[in-house]
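Residue-level structure breakdown
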Amino acid sequence: MLTRKNILLFYFLFAIILNSFASAQVVFRGLPNYKPDLLDYSFFGITETRDVTLLNGKWEVYSATEKSDKKVSVTIPSVFEGEGEFIFEKKFSLTKKELQTNSFELIFLGLNYRADISVNNVIIYRHVGGEFPFRIDLSRDILRSDSANILSVDLFYKLDSEITIPLKQRFWFSKNYGGILHDVYIHKIPAINISNLELGKTIDNNRNEAKLNIHASVINRSAVVNNLPNTISGLVLKYRVLSPDSSFDYETESQVFSLRRNREKVIDNSTKIRNPVLWSPDNPGSYIVRVELWQESNLLDVIERTIALYDFRVTDRTVTLNGNDFKIKGVTYIPEFSVFGDMMDYSQFEDDIRLIKDAGFNTVRIEKKVPHPYCLHLCEKYGLLAFIEVPVGMIPEKISQDQNFVTRCRYFLSSYFNAYKKYSAVAAIGLGTTYLTSIDAHRSLLINLGDLVKKNTNWVTYATFGNFDIQDVQNLDMYGLELINELPSDKEDEITSLQNELGTGRIFIASATYTVNEGNSDGYVNKYSYEAQAKYFADLIDYSQSHSGFGYFINSIMDISGDYSSLLFGYNSGNIYNFGLVDENRTTNRLAFKVVSSKLNNTENVTIPIGSKKDDAPMVFILFGLGLALLMGVLVNSGRKFREDASRALLKPYNFYADVRDQRIMSAYHTTFLGVIIVIVNALIIGNILYYLKTDLIFEKLLLAFGYPALLKVINYLCWHPFNAIVWITIIGILFILVIALIIKTASLFIRMRVYLASIYFTVIWALLPMVFLIPLGIVLYRVLVADVFNVYIYFALIVLFVWILYRLLKGIYVIFDVNPGAVYFYSILFILLLVSGVLFYFEVKNSAIQYILFTFKQYSILG
């Protein structure tokens, strides 16, 4: 019966082929009623002398391959699905007075991916990729006041498997969209302005005194007009530092100085603060630094910035905050909102950060995503230490040693420094996920990137690793462990060994994930249920509390959806990863959220029901197996002719195939009936194996290596729908037999003897006869595999059976062709090798599939 899901699977099967020839239709989505919170002056840098002009709203866009007269209107910020190159255009106006009295910065808070940005047909910036914020100085000579200015963004979006960050093959990353994802605005600042303000801090070991370093640059970009002199004199910088509790109010000023046009002056200042108010998750108070530029009695420019004074350190023994032992009680956060990705309203960002804080966490790890700067602004406000990271992981060895990729990673990090160094909440930066220190290229890459961080920031460095075989890496402060459906207690020996080797304070759980695919059940004894998830996180927190200094990040605060379907979360059309404490809509009624929140906030305990274990073995395997046994019994007892044919086909295949060649009497009815039974048995065995592999992490990563979302979607559907899997694999099996018959018929054109298609058909079907011996196994195979006692022997036996069937088929071919067996074996094996090699070569060229497969083998020590 063709259900809606079956039709959907049929579509996905063809999508795999069509994906190679056509791109998906591009659909733009803008966030309804979106409006940034410009009242948050400190975030947007709005002061008495500075303002912003939003360039959000209506833009025009057209494909780079089409004529510009085919423009359509889109709302910015917006995202689009699909790949391609598009040109976005926006008009903006400036008055003559604004142009003469101001300098301008063009600010993008995030676009994805590569872009050439131009104003009035002059390319002013080339963005090589990445969603991080960046700013561009707008020179007056390209701006105009007598007519509208045209801002153009030529954006190309396509992820690949070797050079983009993130890479195309992404494990449990959120859905990646192209487009201008976040706000675009012009920052209007005075012509003579404070062009740069950097705040630094040092805190003595006793925390009795802090030194605040203020590095400011003043630049004169005044326009060349008759009433303005070439040199501006009488300039002075005034500083004011105000503590969170107003107990410290420090004011000072620089010496008077002059500044010529187009010149810049750097002025450094510092102040000592005794008994500073130190920022912490329990007391998130920040100092306000106000820097003013005066010319005599005229205020020319002013900047206000906040800075959180705290001392976060990582030692071999422990992690400390402000001199006290600090246990990381963290959660990962992957910003996402419905079908808009991380293009969210500012109030939604704030709701998310407040949700994390109210749940009792003290640290947030913005994982596998370039963070929106507003998130970091909110972390400082609400009291959350922020761990940010380069969104790259599962890097194959060959790619990690490619100089272009290394350069791209360094560029990403440098861009992070420029974009995020002013946000005090950032305590650590991650260099990526799922590294393997057994790969020399990974170690080299980590050392390289860590060195860049150490030379430019005081951030703590960390990386997460794909297994427990971790060696010391220079320039790396912390080592993150990735746990999936395993507790630290399950790996206690490995963790203890790492702590002894690398330092107790340097080891932490970077992501503790529990996958949910069963939904709600009556208790936690049912694996992969919401109750089991709650029990898992409760045990994780208990383990951390009983091991001082052992920090963790729960993965994740909420569910997300990705580009790739995931087997471990069951089949769903939206590719939703159900590992969050709350769902995508942020509803807090999940048991895991209630349990974690009660433990972290020391409130009343939440009961987790034990329940009774349910049998998940599908009845469909038993029913199909019994049905096949019945059909086989009917066929065996249909007459002596069939029993004789079957006996000869098994015991004397050469004589049997000779009879087929010589057109001796063969029953087409028996052969077809047998063929139907064989393809169903084959489907039953494969269905059992797929159902067993539905929660196999290695199997999922091997499928992911090919880089085709449709492939994972189809396999996921078959894994979680055993009845439909048997039906579809049966249909595929029938088509496969017909294709094999046609290939053999084509090969027969190269010999002198005429071979009938009917003879080929009989040969193929009867070569597969040993498959019927698997009928009893098909009834119990899933239960045997779950027991995990004889799995290796079962797989080996199935491989032997496959080789036997292949041998029987090749013997049948050379008999009905009446040719030398050696030639058939040689050309058949050559054909199979060329076919397999061709498929692998295609995927390697297209998506570097072999490199990702080898990485997975190395991660799980499959090949030793």
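Reference entry: report on the structure contained in this document. Numbers given to residues run from 1 along each chain, matching the order in which its sequence is written. Whole-chain, interface and lining totals are the exception, using all residues; otherwise, since this is a predicted model, local features are given only for residues with pLDDT of at least 70 and side-chain atom pairs are given and counted only at 80 or more. Side-chain metrics in this entry use all non-hydrogen atoms of the structure; hydrogen atoms and water are not considered.

Notes on the pattern of salt bridges
Selection rule: One side-chain nitrogen of Lys or Arg within 4 Å of one carboxyl oxygen of Asp or Glu is enough to make a salt bridge. Each helix is a run of DSSP H or I of at least 4 residues and each strand a run of E of at least 2, with the numbering of both proceeding from the N terminus. In this scheme, a residue with accessible area under 20% of its type's maximum is buried, one over 50% is exposed, and one in between is partly exposed, where area comes from a 1.4 Å probe on protein chains only.
Here the structure, examined in full by the defined rule, presents 43 salt bridges. Between Asp352 and Arg586 there is a salt bridge, and its shortest N-O distance comes to 2.8 Å. Here Arg586 lies in the loop between strand 35 (576-577) and helix 11 (591-600) and Asp352 lies in helix 4 (residues 346-358), a separation of 234 residues in the sequence. Arg586 carries the same exposure label as Asp352, and that label is buried. Here the residues in one salt-bridge network are Arg29, Glu81, Arg170, Lys175 and Asp563, joined through shared partners.

What about empty space enclosed by the protein?
Rules: Here a cavity means grid points, on a 1 Å grid over the protein atoms only, where a 1.4 Å probe fits yet cannot get out; a pocket means an open set of points with protein on both sides within 12 Å along at least five of seven lines; lining residues are those with an atom within 4 Å of a point. Grid points are joined across faces, edges and corners, and a volume is the space filled by probe spheres set on the points. Note on residue categories: nonpolar means Ala, Val, Leu, Ile, Met, Phe, Trp, Tyr, Cys or Pro, charged means Asp, Glu, Lys or Arg, and polar means any other residue, Gly included.
If you walk through the whole model with that rule in mind, you get six cavities of 30 Å³ or more. Lining the largest cavity are 22 residues, and of these Phe171, Lys368, Thr433, Thr434 and Glu482 sit closest to its centre. Elements with a contribution of two residues or more to the lining of the largest cavity: strand 31 (478-484) and strand 32 (507-513). For the lining of the largest cavity, the class distribution of residues is eight nonpolar, eight polar and six charged. One number sums up the size of the second largest cavity: a volume of about 80 Å³. In the lining of the second largest cavity, the residues fall into five nonpolar, four polar and three charged.

A short note on the packing of helix 18 (residues 722-748) against helix 21 (residues 791-817)
Angle between the axes and distance between the axes: these two values describe a pair of packed helices. Filter applied, for reference: Each axis is a line fitted through C-alpha atoms, taken for helices only over the stretch in contact, and angles between the N-to-C directions span 0 to 180 degrees. Whether a crossing is left-handed or right-handed is set by the direction in which the near helix is turned from the far one by less than a right angle, anticlockwise for left-handed and clockwise for right-handed. The criterion used for residue contact is that any of the two residues' heavy atoms lie within 4.5 Å.
Between helix 18 and helix 21, whose axes approach to 12 Å, the crossing angle comes to 35°. In the crossing of helix 18 with helix 21, the sense of the turn from one axis to the other is right-handed. Residues Ile740, Ile744, Ala747 and Ser748 of helix 18 form the contact with helix 21, whose own contacting residues are Leu809, Ile813 and Phe817. Taken together, the residues that form the contact of helix 18 with helix 21 break down as six nonpolar, one polar and no charged.

Overview of the packing of helix 22 (residues 821-847) against helix 23 (residues 849-859)
Quick reminder of the rule: With respect to orientation, any angle under 35 degrees is reported as roughly parallel, any angle over 145 as roughly antiparallel, any angle of 65 to 115 as roughly perpendicular, and every other angle as oblique.
Direction vectors running N to C along helix 22 and helix 23 enclose 95°, while the axes themselves pass 6 Å from each other. What the angle tells us is that helix 22 and helix 23 run roughly perpendicular. Residues Leu840, Phe843, Glu844 and Asn847 of helix 22 lie in contact with helix 23, whose contacting residues are Ala849, Ile850, Gln851 and Tyr852. For the contact of helix 22 with helix 23, a count of residues per class yields five nonpolar, two polar and one charged.

Considering the pairing of strand 30 (residues 460-465)
On a regular strand, each side chain points to the face opposite its neighbour's, so the side chains alternate between the two faces of the sheet. Which entries qualify depends on this criterion: A pair of strands is labelled paired if DSSP reports no fewer than 2 bridges between them. Crossovers are described as right-handed under a simple rule: with the strands pointing away from the observer, the path leading from the first strand over the helix to the second runs clockwise.
Summarising burial for strand 30: six of the six residues are buried, a large majority. On strand 30, burial covers both faces: Val460, Tyr462 and Thr464 on one face and Thr461, Ala463 and Phe465 on the other are all buried. For strand 29 (residues 426-430) and strand 30, the ladder comprises three bridges, and the chain directions are parallel. Among the inter-strand pairings, Ile429 is bridged to a residue of strand 30, identified as Thr461. Crossover strand 29 to strand 30 through helix 8 (residues 440-456) is right-handed. Both strand 30 and strand 31 contribute to a ladder of four bridges, which runs parallel. Note that in strand 31 the partner of Tyr462 across the bridge is Met478.

With respect to the environment of Gly179
Structurally, Gly179 can be placed in strand 13 (residues 179-180). With a relative accessible area of 1%, Gly179 lands in the buried category. For the pair Gly179 and Tyr528, spaced 349 residues apart in the sequence, the C-alpha separation amounts to 36 Å. Excluding anything up to four places from it in sequence, Gly179 contacts Ser78, Phe80, Leu111, Asn112 and Leu155.

Side note on the nonpolar core
Going by this rule: Take the buried Ala, Val, Leu, Ile, Met, Phe, Trp, Tyr and Cys residues and link them wherever side-chain atoms come within 4.5 Å; each set so joined is a nonpolar core.
Judged by nonpolar contacts, the single largest core of 236 residues is most densely connected at Phe88, Phe108 and Tyr333. The dominant element in this core, judged by the number of residues it contributes, is helix 15 (residues 668-692), at 14 residues. Once residues lying within four places of it in the same chain are set aside, the contact partners of Phe88 are Phe28, Trp59, Glu60, Val61, Val74, Ile76, Phe80, Leu151, Ser152, Val153, Leu155 and Ile180. Ile203, Ile267, Val277 and Val291 belong to the second-largest nonpolar core, a separate cluster that totals 29 residues.

Describing the sheet that holds strand 28 (residues 385-389)
Taken together, eight strands build a closed barrel; the order of strands is 26-27-28-29-30-31-32-33 and the barrel is parallel. Averaged over all adjacent pairs, the angle separating strand axes in this sheet is 25°, with direction ignored. Where helix 10 (residues 530-546) meets the sheet, its contacts fall on strand 31, strand 32 and strand 33 (552-555), and the angle it forms with strand 33 comes to roughly 175°.

Brief notes about the environment of Tyr416
Formally: Pairs of N or O atoms are called polar contacts if they sit within 3.5 Å, as long as, within protein, a hydrogen donor faces a hydrogen acceptor (for residues adjacent in sequence, only side-chain-to-side-chain pairs).
Secondary-structure assignment places Tyr416 in helix 7 (residues 403-420). Residues Tyr416 and Phe132 lie 284 residues apart in sequence; the distance between their C-alpha atoms is 7.0 Å. Here Tyr416 is in contact with Phe132, Lys369, Val370, Pro371, Ile388, Glu389, Val390, Pro391, Lys421, Ile429 and Trp459, once residues within four sequence places are set aside. Separated by 2.9 Å, the side chain of Tyr416 and the backbone oxygen of Glu389 make a polar contact.

With respect to the packing of aromatic side chains
For any pair of aromatic rings, the description rests on two quantities: the centre-to-centre distance and the angle between the ring planes. Spelled out, the test is: Two rings belonging to Phe, Tyr or Trp (six-membered ring only in the last case) form a pair when the distance between their centres is within 6.5 Å. Interplanar angles under 30 degrees mark stacking, angles over 60 mark edge-to-face geometry, and anything in between is tilted. Charge-over-ring contacts are defined here by two conditions on Lys NZ or Arg CZ: a distance within 6 Å of the ring centre and an angle within 35 degrees of the ring normal.
According to the stated counting rule, one finds 55 aromatic pairs in the structure shown. With a centroid separation of 6.4 Å and an interplanar angle of 85°, the aromatic rings of Phe312 and Phe326 are classed as edge-to-face. In this pair, Phe312 sits in strand 23 (residues 312-314) while Phe326 sits in the loop between strand 25 (324-325) and strand 26 (329-333), placing the two residues 14 residues apart along the sequence. The exposure class assigned to Phe312 is buried, which follows from its relative accessible area of 11%. Taking relative accessible area as the criterion, Phe326 reaches 10% and is therefore assigned buried. Put simply, the rings of Tyr34, Phe43, Phe44, Tyr185, Tyr346 and Tyr374 pair up and form one aromatic cluster. Taking the ring centre of Tyr310 as reference, the NZ or CZ of Lys201 above it sits at 4.0 Å.

Some words on a nonpolar patch on the surface
Formally: In this scheme, patches are assembled from residues that exceed 30% relative accessible area and form no salt bridge. Like charges are connected within 9 Å, while nonpolar side chains (Val, Leu, Ile, Met, Phe, Trp, Tyr) are connected within 5 Å. Residue-level accessible areas treat just the shown protein chains as cover; the underlying method is Shrake-Rupley with a 1.4 Å probe.
Residues Val739, Ile743, Phe831, Ile832, Leu835, Val836, Val839 and Leu840 make up a contiguous nonpolar surface patch of roughly 620 Å² in combined accessible area. Those elements that provide at least two residues to the nonpolar patch are helix 18 and helix 22. Tracing the backbone through its elements, the reader meets Val839 in helix 22.

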